Protein chains: 2
Amino acid sequence: MSTEFAAATAVRRRADGRYDARIAEGWDIGGNANGGYVIALAARAMADAAGRPPLSVTAHYLSPGRPGPVVVDVDVIRSGRRMATVAARVSADTTPVLAMLGTFADQAPGGPSVITGEPPILPPSDECVSAAPPVASGFHTRIMSSMRPVDAGFRDGCPSGTAEVEGWFALPDSDQVDVFALLMATDAFAPVVFNRHEFPVGWSPTLELTVHVRGVPAPGPLRCRFASRFIADGMFDESGELWDSTGRLVAHSRQLALVPRG
Amino acid sequence: MSTEFAAATAVRRRADGRYDARIAEGWDIGGNANGGYVIALAARAMADAAGRPPLSVTAHYLSPGRPGPVVVDVDVIRSGRRMATVAARVSADTTPVLAMLGTFADQAPGGPSVITGEPPILPPSDECVSAAPPVASGFHTRIMSSMRPVDAGFRDGCPSGTAEVEGWFALPDSDQVDVFALLMATDAFAPVVFNRHEFPVGWSPTLELTVHVRGVPAPGPLRCRFASRFIADGMFDESGELWDSTGRLVAHSRQLALVPRG
């Protein structure tokens, strides 16, 4: 397991049932903590309270996360035999940062599989380009996410023309992407609208992100694909697929975000 | 506006800020209220508290809704200039029925559009087949949802082989599908796994449903497409697209559900 990621997303249950945590220094993009990182932190508290790992989580972003202490309020709404439904709120002082709602359960392997699609075919990661947006990103020094060169043209003012990004995700100090890092991976790539010339490269705030966890990743890097189909009225969807090293789909995500305004 | 639908999803704010509502008789499928119907009811209370219509809502189902009084607890987590983030819980007596989290905001038309895909090409609705599952469905007498005949083979033991359903949605007493009926429409068709022979036709409980509202529907019926790409380990995703009569995408949905066990 990644020691650095685990330490940066650690939570501690207090006597009153709330969780203390800390948005660590250096997990930011342009000063604000990466959204997927904050989700991972909150999901750890939720999973602890549920006694089960995340299966489907939804986050709504309320304000940018800044380094420093946060409190996670967790409410186990229902805990059944197989699944638990949990709400959570991350606050820094009195400022709400993130609201979450999720179902937590172990995977139950078995039964027929019908999978449409397959992992993206990627160049080796050393031929790929950092998946960071073109701003100072401490976050992208903590993780390894890289894009196909064809998806990185926006960094030099040459967007590919297709609202798509494909690439690798891994952690630098571990071969194992655990389920919390998997949640984070869904928000660890540059927004796909950067590859459409209609939009400037700039801040593209996520309003909502939902991740369905479909398996525990095998050791090794993830192959990821993100794409948008519906860009209109200043908003876009972005759907993600994350495949593990054995070629198994381990998560799919979808977010609604605002297009950059420059 | 549909008088019947509006009455069946009406909410009343009490002095203590909670909302009284009623799961109406006859909006059930096999005795349990349709999930999309309960979402519409809860979203009305959330929109009232937010003073804005739904933009992105996520629901986690906790227990089947039965006809009778319910209370909707609404918590406006953050209310900004343009958007409000709202959590809600629907309870019948002390039984939790539904947990929701959403962002509420008016649409802000304008800016570049890049839409990949188009509305499904459907036979006229009088050549389509009721989109009800093959059990007693009061719900499907309250709404008009119909499938292409090719998607209805499962009703006679001949599933199409493709985890897909396309069809029409409308309300019987109004030409206008409002934003709350639009939410309901995303859960108003038979589960797409019925069209795969690997699975029996039976109860397929939704765990989580997220809807992104992308426009206010123009008058007229909606054209809808639902499909699943990832069926594995007893679960499946189902993505929906809802297009209005002018050919505009007005909502996209995604749910995670359990495959029927027979």
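Residues numbered from 1 in each chain as written. Chains lettered and ligands numbered in written order. Predicted model: local features only at pLDDT ≥ 70, side-chain atom pairs only at ≥ 80, totals over all residues. Heavy atoms only, no water.

### Some details on the environment of A:D93
Residues and elements named next belong to chain A.
Right, so step 1: Looking at the secondary structure, you find D93 in the loop between β7 (84-92) and β8 (95-104).
Right, so step 2: Residue class for D93 comes out exposed when judged on its relative accessible area of 76%.
Right, so step 3: Residues D93 and N32, spaced 61 residues apart in sequence, show a C-alpha to C-alpha distance of 16 Å. (Helix = DSSP H or I, 4+ residues; strand = E, 2+ residues; numbered from the N terminus. Buried < 20%, exposed > 50% of the residue type's maximum accessible area, 1.4 Å probe, protein only.)

### What to know about the interface of chain A and chain B
Right, so step 1: On the chain B side, the residues contacting the 57 residues of chain A number 57 residues.
Right, so step 2: In total, about 5,000 Å² of surface goes out of reach between chain A and chain B, with carbon and sulfur atoms giving 56% of it.
Right, so step 3: Counting the surface chain A buries against chain B, the share from its top three residues, A:F230, A:D233 and A:R254, is 15%.
Right, so step 4: Run the count over chain A and chain B and you get six salt bridges.
Right, so step 5: Across the pair A:E241 and B:R229 runs a salt bridge whose closest N-O atoms are separated by 2.8 Å.
Right, so step 6: At the junction of chain A with chain B, the criterion picks out 32 residue pairs in polar contact (both at pLDDT 80 or more).
Right, so step 7: Looking at which element gives the most residues to the side of chain A that touches chain B, the answer is strand β17 (residues 249-258) of chain A, with seven residues. (Contact = heavy atoms within 4.5 Å. Buried area = accessible area lost by both parts, 1.4 Å probe. Salt bridge = Lys/Arg side-chain N within 4 Å of Asp/Glu carboxyl O. Polar contact = N/O pair within 3.5 Å; in protein donor to acceptor, adjacent residues only side chain to side chain.)

### Looking at the environment of A:G65
All names here are of chain A.
Right, so step 1: With respect to the helices, strands and loops of the structure, G65 is situated in the loop between β5 (54-61) and β6 (68-79).
Right, so step 2: Taking the C-alpha atoms as reference points, G65 and H140, 75 residues apart in sequence, are found 16 Å from one another.
Right, so step 3: Those residues in contact with G65 that sit more than four places away from it in its chain are I23, G31, N32, A33 and V97.

### Let's talk about the pattern of salt bridges
Right, so step 1: Per the counting criterion, the structure on display carries 29 salt bridges over all chains.
Right, so step 2: A salt bridge links A:E164 to A:R148; the shortest N-O distance between them is 3.5 Å. Taken as a pair, A:E164 in strand β12 (residues 164-170) and A:R148 in the loop between β11 (144-147) and β12 lie far apart in primary sequence, 16 residues in all.
Right, so step 3: On the accessibility criterion, A:R148 (17% relative accessible area) is buried.
Right, so step 4: The structure contains a network of salt bridges with shared partners spanning A:R148, A:D151, A:E164, A:E166, A:R225, A:E241 and B:R229.

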